[in-house]
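Residue-level structural notes
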Amino acid sequence: MFVGRTFASAYANGQYASVLIHIEDLSVHSKNTDIKGPAKHVSVEMKNIHFVAYCHFLADLFSILGCLSLQMQRDNIILPTAVSHLKETITQVECLRNHPEPDGYLTKFMIKSTQTFQGIPLRGSLQEQTKRGKSISESFQSEIETAENLTTQGLRKRFSILLNAKKQPSDVISYGRKEVESDMLVILMLTAGQHILVN
């Protein structure tokens, strides 16, 4: 991705600039028209400040989803904790709609607010004038909202069983030591029976 692990590395390592230079080279020197035309279009879009800002937004979004992924991969995770992490992630993603991640990639990019990224001049503006001052342009806000909607819908669909789980009945909750010991005896007896039948 064009945005590095840290905001400083996003400006330093130059992946965005390298990819853009390669795409521009294809748009000029490629002999294949199936490559040349799309490459020209991609190079123009990559120089739009909305594209670069959207990459920063996606870095924030993937950071939130990455934290959920790490939590769900833990060996000692229990169901209530998984549900809690899931709901927290959905809330964080929904908050991105109106408030960029504090100290996130997009926030830092917007604060820096230069018209260049990795030495490449960008066209357009993220801001639009309103009666109360400047705000994020409607088209960029629409792109953020679409990504947020798709992400939360995907999470809700993928984890619908966890999110819609009802509280367990009291007889399941009161499953205690006596019931566990009884189950263990049954398992031991079944295992011993299979062992005798095999020998």
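Structural data are supplied above this passage.
Heads up: these notes are all about the structure in this document. Since we're looking at a predicted model, the values are computed, not measured. (Residues numbered from 1 in each chain as written. Predicted model: local features only at pLDDT ≥ 70, side-chain atom pairs only at ≥ 80, totals over all residues. Heavy atoms only, no water.)

1. Considerations on the overall build of the chain
The line we're drawing: What counts as a helix is a DSSP run of H or I of at least four residues, what counts as a strand is a run of E of at least two, and both are numbered from the N terminus. The buried label goes to any residue with under 20% of its type's maximum accessible area, the exposed label to any with over 50%, and the partly exposed label to all in between, with areas taken from a 1.4 Å probe on protein chains only. Whether two residues are in contact is decided by their heavy atoms: any pair within 4.5 Å suffices.
Scanning the chain for helices and strands turns up 10 helices and 4 strands. Counting from the amino terminus, the chain carries its helices and strands in the arrangement α-α-α-α-α-α-β-β-β-β-α-α-α-α. When the 199 residues of the chain are sorted by exposure, 29% land in the buried category. Residue pairs in contact within the chain that sit at least 24 positions apart in sequence constitute 68% of those at least 6 positions apart.

2. Some remarks on the packing of aromatic side chains
Keep this limit in mind: Stacked, edge-to-face and tilted are the three classes for Phe, Tyr and Trp ring pairs, Trp counted by its six-membered ring, which pair at centre distances within 6.5 Å; planes under 30 degrees apart are stacked, over 60 edge-to-face, the rest tilted. For a Lys NZ or an Arg CZ to count as sitting over a ring, it must be within 6 Å of the ring centre and within 35 degrees of the ring normal.
Under the defined criterion, the tally for this structure stands at 3 aromatic pairs. When the ring of phenylalanine 109 is compared with that of phenylalanine 117, the centres are 6.2 Å apart and the planes differ by 85°; the resulting orientation is edge-to-face. Here phenylalanine 109 matches phenylalanine 117 in class, with each residue buried. In this structure, arginine 158 is placed above the aromatic ring of phenylalanine 159, and the distance from its NZ or CZ to the ring centre is 5.4 Å.

3. Examining the pattern of salt bridges
Using the following cut-off: For this document, the term salt bridge refers to a Lys or Arg side-chain nitrogen within 4 Å of an Asp or Glu carboxyl oxygen.
All told, the structure shown has 4 salt bridges when counted by the stated rule. We note a salt bridge from lysine 47 to glutamate 24, for which the minimum N-O separation is 2.5 Å. Note that lysine 47 is positioned in the loop between helix 3 (33-46) and helix 4 (49-72) and glutamate 24 in helix 2 (residues 15-29), a separation of 23 residues in sequence. For the salt bridge of glutamate 94 with arginine 156, the shortest nitrogen-to-oxygen distance reads 2.7 Å. Remark: arginine 156 occurs in helix 7 (residues 138-158) and glutamate 94 occurs in helix 5 (residues 79-95); sequence separation between them is 62 residues. The exposure class assigned to glutamate 94 is partly exposed, which follows from its relative accessible area of 30%.

4. What to know about the environment of serine 43
Of note, serine 43 is situated in helix 3. Judged by its relative accessible area of 7%, serine 43 falls in the buried class. Along the primary structure serine 43 and valine 19 are separated by 24 residues, whereas in three dimensions their C-alpha atoms are 9.2 Å apart. Not counting residues within four places of it along the chain, the set of residues in contact with serine 43 comprises Leu20, Ile23, Glu24 and Ser27.

5. What to know about the environment of isoleucine 35
Positionally, isoleucine 35 belongs in helix 3. Each C-alpha atom, one on isoleucine 35 and one on isoleucine 23, is 9.6 Å from the other, the two residues being 12 residues apart in sequence. Not counting chain neighbours up to four residues away, the residues in contact with isoleucine 35 comprise Leu26 and Ser30.

6. Comments concerning a nonpolar patch on the surface
For clarity, the threshold we go by: Patch membership requires more than 30% relative accessible area and the absence of a salt bridge. Residues of like charge join within 9 Å; the nonpolar side chains Val, Leu, Ile, Met, Phe, Trp and Tyr join within 5 Å. With residues, only the protein chains shown are counted as cover, and all accessible areas are computed by Shrake-Rupley using a 1.4 Å probe.
The grouping of Val180, Met184 and Ile187 at the surface amounts to a nonpolar patch, some 260 Å² of accessible area in total. Along the chain, isoleucine 187 falls in helix 10 (residues 177-198). Isoleucine 187 sits in the partly exposed class, given a relative accessible area of 46%.

7. Looking at the nonpolar core
Put simply, the rule reads: In these notes, a set of buried Ala, Val, Leu, Ile, Met, Phe, Trp, Tyr and Cys residues joined through side-chain atoms within 4.5 Å is what counts as a nonpolar core.
Judged by nonpolar contacts, the single largest core of 24 residues is most densely connected at Tyr16, Phe57, Phe109 and Leu122. Elements that contribute at least two residues to this core include exactly helix 2, helix 3, helix 4, helix 6 (105-112) and helix 7. The dominant element in this core, judged by the number of residues it contributes, is helix 4, at 7 residues. In this structure, Leu68, Leu86, Ile90 and Phe159 belong to the second largest nonpolar core, which totals 5 residues.

8. Topic: the environment of histidine 29
Here is the rule we go by: Throughout this description, a polar contact denotes any pair of N or O atoms lying within 3.5 Å of each other; where both atoms belong to protein, one of them has to be capable of donating a hydrogen while the other can accept it, and for residues adjacent in sequence the pair is counted only when both atoms sit in side chains.
Residue placement: histidine 29 occurs in helix 2. Take histidine 29: its relative accessible area is 55%, and that puts it in the exposed class. Side chain to side chain, histidine 29 and aspartate 25 meet in a polar contact 2.8 Å long.

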